[in-house]
Amino acid sequence: MKKLLSVFILSFLLLTFLLSKSALAEGILSGSTIFSNSCAACHINGNNVIVANKTLKKEALIKYLKGYEENPLAIIINQVTNGKNAMPAFKSRLTAREITTVAAYVVEQAEKAWSPLE
Ligand code: HEC
């Protein structure tokens, strides 16, 4: 009985380990997590601590990023991938999928005016 229980516990632990490992391997991080890890230092709450007027608010994105209104996602992906002036490029730090995910998060937040309520 004791043996059965430990086999059961062991397989449970192994399964949990395998599942979390595959989630990590797949790189399933949410846009908000990627944003907190890679962007918030300079863009906390959609602001810009380095160039104050170049925020991630919709008005600023429309004003400073050519083509934003026509194709918001592609424009943000490009900015994050290649960087611009004092903003670093992320192509060697994030995967293409992470860049797309965080770009979608930025577009979504810009639409919601970076309201702290999810
Ligand atoms: C080291 C600071 C820094 C980090 C980290 C950073 N940025 Fe930036 N970001 C800037 C600066 C500076 C600008 C203004 C660039 C310019 O001169 O046009 C900017 C501009 C932008 C813009 C255009 C805003 C506008 O109004 O023109 C977007 C979109 C953007 N960043 C998204 C991101 C995302 C998404 C991340 C994370 C993956 C990120 N940034 C990480 C510094 C940073």
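Counting restarts for each chain, with residues numbered from 1 along the sequence as it is written. Reporting in this predicted model follows two pLDDT cut-offs: at least 70 for local features of residues, and 80 or more for side-chain atom pairs to be given and counted; totals over whole chains, interfaces and linings ignore these cut-offs and use all residues.

Going by the annotation in an unreviewed UniProt entry, the name recorded for the chain is Cytochrome c6, with Planktothrix paucivesiculata PCC 9631 given as the source organism. UniProt positions are given in the numbering used here, feature names are shortened, and annotations may be inferred rather than shown by experiment. The annotation that UniProt attaches to the chain under Subcellular location (unreviewed entry) is "Cellular thylakoid lumen". Listed under Sequence similarities (unreviewed entry) in UniProt, the entry text for the chain is "Belongs to the cytochrome c family. PetJ subfamily."

1. Section: helix α5 (residues 72–82)
Around each residue's C-beta, the other C-beta atoms within 10 Å are counted; 20 or more make the residue buried, 12 or fewer make it exposed, and counts in between make it partly exposed. All C-beta atoms are placed from the backbone. Secondary structure elements are defined from DSSP: runs of H or I of at least 4 residues count as helices, runs of E of at least 2 residues count as strands, and each element is numbered from the N terminus. When we look at burial in α5, the residues that qualify are Pro72, Ile76, Ile77, Gln79 and Val80. Buried residues of α5 fall within an arc of 165 degrees about the axis and therefore sit on the same side. In the core, the buried residues of α5 are packed alongside α6 (96–111). Among the residues trailing α5, Gly83 stands out with phi positive, at a value near 70 degrees. Arc definition: directions from the helix axis to the C-beta atoms. A pair of residues counts as a contact when their C-beta atoms, built from backbone coordinates, are separated by no more than 7 Å.

2. Focus: the site of the ligand
Only the C-beta atom matters for nearness: placed from the backbone, it must lie within 6 Å of the molecule or strand for the residue to count as near. The immediate surroundings of the ligand are formed by 26 residues, with Cys39, Cys42, Tyr64, Asn85 and Met87 found nearest. Counting only elements with at least two residues in the shell around the ligand, the list comes to α3 (40–43), α4 (58–64), α5 and α6. Among the residues making up the shell around the ligand, the classes are represented as 18 nonpolar, six polar and two charged. All amino acids are sorted into three groups, where Ala, Val, Leu, Ile, Met, Phe, Trp, Tyr, Cys and Pro are nonpolar, Asp, Glu, Lys and Arg are charged, and the leftover types, Gly among them, are polar.

3. Overview of the environment of Glu69
Along the chain, Glu69 turns up in the loop between α4 and α5. Along the chain, Glu69 and Lys58 lie eleven residues apart, while their C-alpha atoms are 9.3 Å from each other.

4. Points about the nonpolar core
Judged by nonpolar contacts, the single largest core of 18 residues is most densely connected at Ile76, Val80, Ile99, Val102, Ala103 and Val106. Elements with a minimum of two residues in this core: α2 (31–38), α5 and α6. Aside from chain neighbours lying at most four places away, what touches Ile76 is Ala103, Val106 and Val107. Each nonpolar core reported here comprises buried Ala, Val, Leu, Ile, Met, Phe, Trp, Tyr and Cys residues connected via C-beta atoms within 7 Å.

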